[in-house]
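Tertiary structure, described
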Amino acid sequence: MTVVLRFEDGTVVVDGDVQSALSDVPDVEADPRSGVVRAPAGRYRAVRDALADAGVDVDDRVAVADDDRLELTLRYDLRDYQQDALDAWRDAGDRGVVELPTGSGKTVVALAAMAALGVPTLVVVPTVDLLTQWRRELESEFDEPVGQLGGGEQRVEPLTVATYDSAYLRADDVGGDFGLVVFDEVHHLGGEGYRDIARLFAAPARLGLTATFERPDGAHEVVAELVGPVVHRLSADDLAGDHLAEYEVRRVEVDLSPAERDRYEEAQGTFVDYVRDAGITFRSGSDYQELVKRSGNDPRAREALLAKQRAREVMMNADAKVEELARILYRHRDERVIVFTAHTDLVYRLSDRFLLPAITAETGAAERREILDRFRDGEYSRVVAANVLDEGVDVPDASVGVVISGSGSEREFTQRLGRILRPGDDGAKTATLYELVTAETAEERVADRRR
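Attention here is on the structure that accompanies the text. (Residues numbered from 1 in each chain as written. Predicted model: local features only at pLDDT ≥ 70, side-chain atom pairs only at ≥ 80, totals over all residues. Heavy atoms only, no water.)

Some words on the environment of Ser351
To be explicit about the condition: Starting at the N terminus, helices and strands are each numbered in turn, a helix being any DSSP run of H or I of at least four residues and a strand any DSSP run of E of at least two. Each residue gets one of three labels from its accessible area relative to the maximum for its type: buried under 20%, exposed over 50%, partly exposed in between, using a 1.4 Å probe on protein chains only. Throughout, a residue-residue contact means that at least one pair of heavy atoms, one from each residue, lies within 4.5 Å.
Of note, Ser351 is situated in helix H13 (residues 344–354). According to the relative accessible area criterion, Ser351 is buried, its value standing at 14%. Between the C-alpha atom of Ser351 and that of Gly191, which follows or precedes it by 160 residues, the distance is 34 Å. Beyond its immediate chain neighbours, meaning those up to four positions away, Ser351 contacts Leu356, Ala358 and Val384.

Considerations on the sheet that holds strand E10 (residues 159–163)
Quick reminder of the rule: Two strands are said to pair when DSSP picks up at least two bridges between them. Helix axes use the C-alpha atoms of the stretch in contact, all axes being lines fitted to C-alpha atoms, and the angles between their N-to-C directions lie in the range 0 to 180 degrees.
Pairing in this open sheet of eight strands is mixed, and the strands run E9-E8-E10-E7-E11-E12-E6-E13 from one edge to the other. Whereas interior strands pair on both sides, the edge strands pair on one side only; in this sheet they are strand E9 (153–155) and strand E13 (230–233). Across the sheet, the axes of successive neighbouring strands diverge by a mean angle of 20 degrees, strand direction being ignored. Bridge count for strand E8 (residues 146–150) against E9 is three bridges, and the pairing is antiparallel. Paired with Leu149 across the bridge in E9 is Gln154. In the packing of helix H2 (residues 80–91) onto the sheet, contacts are made with strand E6 (95–99), strand E11 (180–184), strand E12 (205–210) and E13, and the angle to E13 comes to roughly 170 degrees. Of the strands in this sheet, strand E7 (121–125), E8, E9, E10, E11 and E12 touch helix H4 (residues 128–141), which is tilted by about 175 degrees from E8.

Quick word on helix H15 (residues 410–418)
Of all nine residues in H15, seven are buried, a share of seventy percent or more. If you check which residues of H15 are buried, you get Arg411, Glu412, Phe413, Gln415, Arg416, Leu417 and Gly418.

Details of the packing of aromatic side chains
Threshold: Here a Phe, Tyr or Trp ring, Trp counted by its six-membered ring, pairs with any other such ring whose centre lies within 6.5 Å, and the pair is stacked when the planes are under 30 degrees apart, edge-to-face when over 60, and tilted otherwise.
Applying the stated rule across the entire model yields two aromatic pairs. Both rings, one in Tyr164 and one in Phe183, keep their centres 6.4 Å apart while their planes meet at 35 degrees; by these two values the pair is tilted. Note that Tyr164 is positioned in helix H5 (residues 164–174) and Phe183 in strand E11, a separation of 19 residues in sequence. With centroids separated by 5.2 Å and ring planes inclined at 45 degrees, the aromatic side chains of Tyr164 and Tyr194 adopt a geometry described as tilted. With a gap of 30 residues between them, Tyr164 in helix H5 and Tyr194 in the loop between E11 and helix H6 (195–200) connect regions that are remote in the sequence. The exposure class assigned to Tyr164 is buried, which follows from its relative accessible area of 1%. The exposure class of Tyr194 is partly exposed, given its relative accessible area of 26%.

Here's the deal with unusual backbone geometry
Of note, the phi angle at Asp9 is positive, near 50 degrees, even though the residue is not glycine. Positive phi values are uncommon outside glycine, yet Glu440 reaches one of about 55 degrees. Judged by its relative accessible area of 61%, Glu440 is exposed.

A few points about the nonpolar core
Rule in force here: Side-chain atoms within 4.5 Å are what join buried Ala, Val, Leu, Ile, Met, Phe, Trp, Tyr and Cys residues into a set we call a nonpolar core.
Formed by 33 residues in total, the largest nonpolar core has its most connected members in Met114, Trp134 and Leu138. Those elements giving two or more residues to this core turn out to be H2, helix H3 (106–117), E7, H4, E10, E11 and E12. With seven residues, H3 is the single largest residue contributor to this core. Excluding residues that lie within four positions of it along the chain, Met114 makes contacts with Leu72, Val119, Thr121, Val123, Trp134, Leu138, Phe142, Leu180 and Val182. In this structure, Ala162, Ala167, Phe183 and Phe213 belong to the second largest nonpolar core, which totals 24 residues.

Overview of the pattern of salt bridges
Pairing of side chains with opposite charge becomes possible as their charged atoms draw close. For clarity, the threshold we go by: A pairing counts as a salt bridge when a side-chain nitrogen of Lys or Arg comes within 4 Å of a carboxyl oxygen of Asp or Glu.
The full count for this structure, using the stated rule, is 29 salt bridges. The residue Glu157 makes a salt bridge to Arg155 at a minimum N-O spacing of 3.1 Å. You can call Glu157 partly exposed: its relative accessible area is 22%. Asp173 serves as the salt-bridge partner of Arg170, at 3.5 Å between the closest nitrogen and oxygen. Of the two residues, Arg170 and Asp173 are both situated in helix H5; the distance of three residues between them amounts to about one turn of the helix. Taking relative accessible area as the criterion, Arg170 reaches 22% and is therefore assigned partly exposed. One connected set of salt bridges, linked through shared partners, spans Arg6, Glu8, Asp31 and Arg38.

So, the packing of H3 against H4
What describes two packed helices is the angle between their axes and the distance between those same axes. To be explicit about the condition: Angles below 35 degrees are treated as roughly parallel, those above 145 as roughly antiparallel, those between 65 and 115 as roughly perpendicular, and all remaining angles as oblique. Put simply, a crossing is left-handed when the front helix is turned counterclockwise from the back one by less than a right angle, and right-handed when it is turned clockwise. Under the convention adopted here, Pro, Cys and the residues Ala, Val, Leu, Ile, Met, Phe, Trp and Tyr are nonpolar, Asp, Glu, Lys and Arg are charged, and Gly plus all remaining residues are polar.
Packing of H3 against H4 leaves a shortest axis separation of 12 Å and a crossing angle of 50 degrees. As far as their axial angle goes, H4 and H3 are oblique. As H3 runs across H4, the sense of the crossing is right-handed. When H3 is examined against H4, the residues Thr107, Ala110, Leu111 and Met114 are found in contact with a partner set consisting of Trp134, Glu137, Leu138 and Glu141. Taken together, the residues of the contact of H3 with H4 sort by class into five nonpolar, one polar and two charged.

Description of the pairing of E10
Of all five residues making up E10, five are buried, and the element is well covered by its neighbours. Residues of E10 alternate between two faces, with Leu159, Val161 and Thr163 on one and Thr160 and Ala162 on the opposite face, all of them buried. Pairing of E7 with E10, which is carried by five bridges, proceeds in the parallel orientation. Residue pairing for E10: Val123 is matched across the bridge by Val161. Of the strand pairs in this sheet, E8 and E10 are connected by four bridges, and their pairing is parallel. Within E10, the position partnered with Leu149 by the bridge is Ala162.

Read these as spatial facts, not as claims about activity.
As structure tokens, this is what we get:
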């Protein structure tokens with residue numbers, strides 16, 4: 001007997017009495033209403049392989065038909081580490097995550113994977129900026145129409161780019177249309193809602209791209225189950241000098257002014273006094289959540305949180321950092337500089353003081369593109385931004401980065417470092433990342449955590 005295998009509303013349906021052959025495949029259930037066996041579409045590959053192992057004759061209507069295969073020619077010459085990444089992914093059965101630093105050409109690895117497989121492909125990205133960049137890249141590289149889900153368009157083609165949100169919303173409809181799904185910034189797939197994208201798409205080939213795979217909440221383990229484990233990993237240090245710029249990180253400590261020190265100590269003291277009295281040790285992330293929970297009905301807990309925020313703003317926006325930035329900008333007056341901050345107010349303060357083009361979450365997409373285009377063309381030699389350039393934006397080459405303020409996130413630090421690591425035309429550029437840290441404050445511990 002031949003059984004039919006097909007995609008239906010985010011599931012893979014097996015039309016035939018073969019449940020015993022699928023006993024080892026997770027999430028397989030009998031559907032008594034229709035007399036078929038169902039599993040989430042993401043289990044398609046496991047279902048297909050189990051049926052093959054059991055010697056079941058299958059009419060596979062989920063697989064890419066010969067007529068739907070694509071002739072994709074890659075014009076890039078892969079660097080050795082990019083070829084190694086592609087080979088490792090293929091050796092792992094066309095599944096897995098490639099972790100390479102920002103600026104090393106992860107996109108090229110994905111393009112090579114598409115050309116190698118020649119199947120309809122969906123690229124899933126976290127931002128509209130990346131949506132535009134990927135569509136432009138695909139249209140430039142391959143002689144195929146490129147569809148788009150998100151950013152005001154809903155059009156599916158054999159090569160399609162989608163935001164995570166749009167892929168989630170359209171999964172039931174188009175989850176059976178692709179043989180390969182590329183997840184850019186794949187760590188986003190660990191979010192609760194986004195996990196269903198991988199579960200509802202049947203694509204047997206899956207490629208994740210990221211500069212920093214591990215998530216603080218441990219959700220990267222879920223990503224590994226849905227996409228595959230890390231199959232190739234290189235750090236910025238591995239590529240520095242040969243394929244990325246040599247770099248150095250300079251930590252510069254500055255002092256609070258007497259007035260700032262008084263404000264900091266008063267606010268920090270209020271916070272420390274409360275957590276000590278409450279017995280909160282901050283040995284785990286749940287301890288901070290406990291404090292947030294208490295603040296809902298405990299005025300002292302609420303004041304402690306507000307005091308912590310005031311102390312943070314003082315130490316991260318210290319006047320001495322502004323003065324140190326002035327010296328750095330003068331020292332590197334002939335180089336391209338990106339200034340990173342954690343606070344929008346500081347971006348505007350620095351923009352006014354040094355006449356720097358500013359990019360924040362409030363900056364419209366058209367204005368942001370114009371600023372970055374002028375930065376790329378050399379009309380602007382420096383730019384200041386609040387977090388929005390950390391990920392998901394194609395930032396032009398720069399050789400100097402200045403971290404005025406940030407979190408303790410290793411991912412954020414890696415992304416910011418990556419913004420200055422693309423080598424110059426002569427391949428001899430040395431990049432410099434400055435970290436401005438306020439001495440004798442909690443910011444010293446924050447800076448240590450991200451490194």
